[in-house]
Amino acid sequence: MKPRKNNELRGNHCAAMICDMRDASWVKSRIGARILLRAYHGRLLTRDRRLARELASDSAVTDRLLDQALASICAEKGLLPEEYHAILRATLAT
């Protein structure tokens, strides 16, 4: 077996640490951001609308967290900054 450096994490241990670092408000914000993406692309489901109502009334899901989650998801998907800003403008217009 190859020796590891002290700061190197491997396998499930790393995945478990990442999962532990996400708090509930961040997870809810990412769900909300995915709903915003679906709405922008015209693919909203009934379930999305129900979840959006629940998240809108949740005090842990702030505008700032939603914005950060949306930016994170757009970056992960490789969307251009122009599309990210278009989604924000469309969201603020409604």
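This is a predicted model, so every value here is computed, not measured. (Residues numbered from 1 in each chain as written. Predicted model: local features only at pLDDT ≥ 70, side-chain atom pairs only at ≥ 80, totals over all residues. Heavy atoms only, no water.)

Asks: Got a sec to walk through the pattern of salt bridges? Specific residues and values, please.
Replies: Within the structure shown, the criterion is met by five salt bridges. Across the salt bridge formed by lysine 28 and aspartate 58, the nearest N and O atoms sit 2.6 Å from each other. Taken together, the positions of lysine 28 in helix H2 (residues 24-40) and aspartate 58 in the loop between helix H3 (46-56) and helix H4 (63-77) put the pair 30 residues apart, joining distant regions of the chain. A salt bridge links arginine 47 to aspartate 48, with the shortest nitrogen-to-oxygen separation between them at 4.0 Å. Owing to a relative accessible area of 1%, aspartate 48 belongs among the buried residues under this scheme. (Salt bridge = Lys/Arg side-chain N within 4 Å of Asp/Glu carboxyl O. Helix = DSSP H or I, 4+ residues; strand = E, 2+ residues; numbered from the N terminus. Buried < 20%, exposed > 50% of the residue type's maximum accessible area, 1.4 Å probe, protein only.)

Asks: Can you break down the side chain of serine 25 residue by residue, with the values?
Replies: Mapped onto the elements of the fold, serine 25 is located in helix H2. Judged by its relative accessible area of 15%, serine 25 falls in the buried class. At 3.1 Å, the side chain of serine 25 forms a polar contact with the side chain of aspartate 23. If we skip the residues at most four places from it in the chain, serine 25 touches Ala60 and Leu65. (Polar contact = N/O pair within 3.5 Å; in protein donor to acceptor, adjacent residues only side chain to side chain. Contact = heavy atoms within 4.5 Å.)

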